[in-house]
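Coordinate analysis (summary)
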Amino acid sequence: MEECREMVQKAKEGNKEAFGILYETVYEDMYRFAWYTLRNPEDAKDVVAETVADAFETIGNLRDTSAFRGWIFKILSNKCKRKLKEYTKKTYVYEAYQEKSQQDLEQNLQVRQVFFSLTDEERYLVALQVFGGYRSKEIGILLHKNHNTVRSKIDRALKKMEKLLQ
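Here is a short report on the structure shown in this document.

Parameters and conventions
- Residues numbered from 1 in each chain as written.
- Predicted model: local features only at pLDDT ≥ 70, side-chain atom pairs only at ≥ 80, totals over all residues.
- Heavy atoms only, no water.
- Core = buried A, V, L, I, M, F, W, Y, C linked by side-chain atoms within 4.5 Å.
- Buried < 20%, exposed > 50% of the residue type's maximum accessible area, 1.4 Å probe, protein only.
- Contact = heavy atoms within 4.5 Å.
- Salt bridge = Lys/Arg side-chain N within 4 Å of Asp/Glu carboxyl O.
- Helix = DSSP H or I, 4+ residues; strand = E, 2+ residues; numbered from the N terminus.

**Some thoughts on the nonpolar core**
Core analysis: the biggest nonpolar cluster contains 42 residues, and Phe68, Phe73 and Leu76 have the highest contact counts within it. Once you skip the residues sitting within four places of it in the chain, phenylalanine 68 turns out to touch Val8, Phe19, Leu22, Val26, Ile59 and Leu62.

**Some remarks on the pattern of salt bridges**
Taken as a whole and assessed by the stated rule, the structure comprises 9 salt bridges. The residue arginine 32 makes a salt bridge to aspartate 29 at a minimum N-O spacing of 2.7 Å. Residue arginine 32 and its partner aspartate 29 are both found in helix H2 (residues 16-38); the two are separated by 3 residues, about one turn of the helix. Aspartate 155 is the partner of lysine 159 in a salt bridge, and the nearest nitrogen-oxygen pair spans 3.2 Å. On the criterion of helical spacing, the pair formed by lysine 159 and aspartate 155 is a turn pair, its members being 4 residues apart in helix H9 (residues 147-165). On the accessibility criterion, aspartate 155 (36% relative accessible area) is partly exposed. Among the charged side chains, a salt-bridge network with shared partners connects Asp29, Arg32 and Arg69.

Below, the structure written as structure tokens:
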């Protein structure tokens, strides 16, 4: 933990290698979160790259050196939200779905529609827990919310999805 704080401090002072080390510690989780949120590997890579560029540029503004992970995920979350808004204005052909059987395709589309019928907040909470593997306490810290509130919102969102899928 102390080592991470030292790396953040060095990165804030302009040390590119320190920032690179910090980036290596969160890259896989960032990509996983972006991919499961956006469901498009190219867009996920782009969003992560944009996040890292913005984080590198603005790391000097980070006040609490122990909050690096939450801070960079907040940037990523905002970028994913913007990208999701773009999706509502565009239509995409998903080649991966074309390779699956018709039944798998219908089921995937139904789950996707139900997932995107959730509110923005519900979608992010579910994505963080189900796809990102975060616990409600970690999500609460990340989003500055009570973990019990996060847990109940996730539970309600999952029940809502289950009801809509039946």
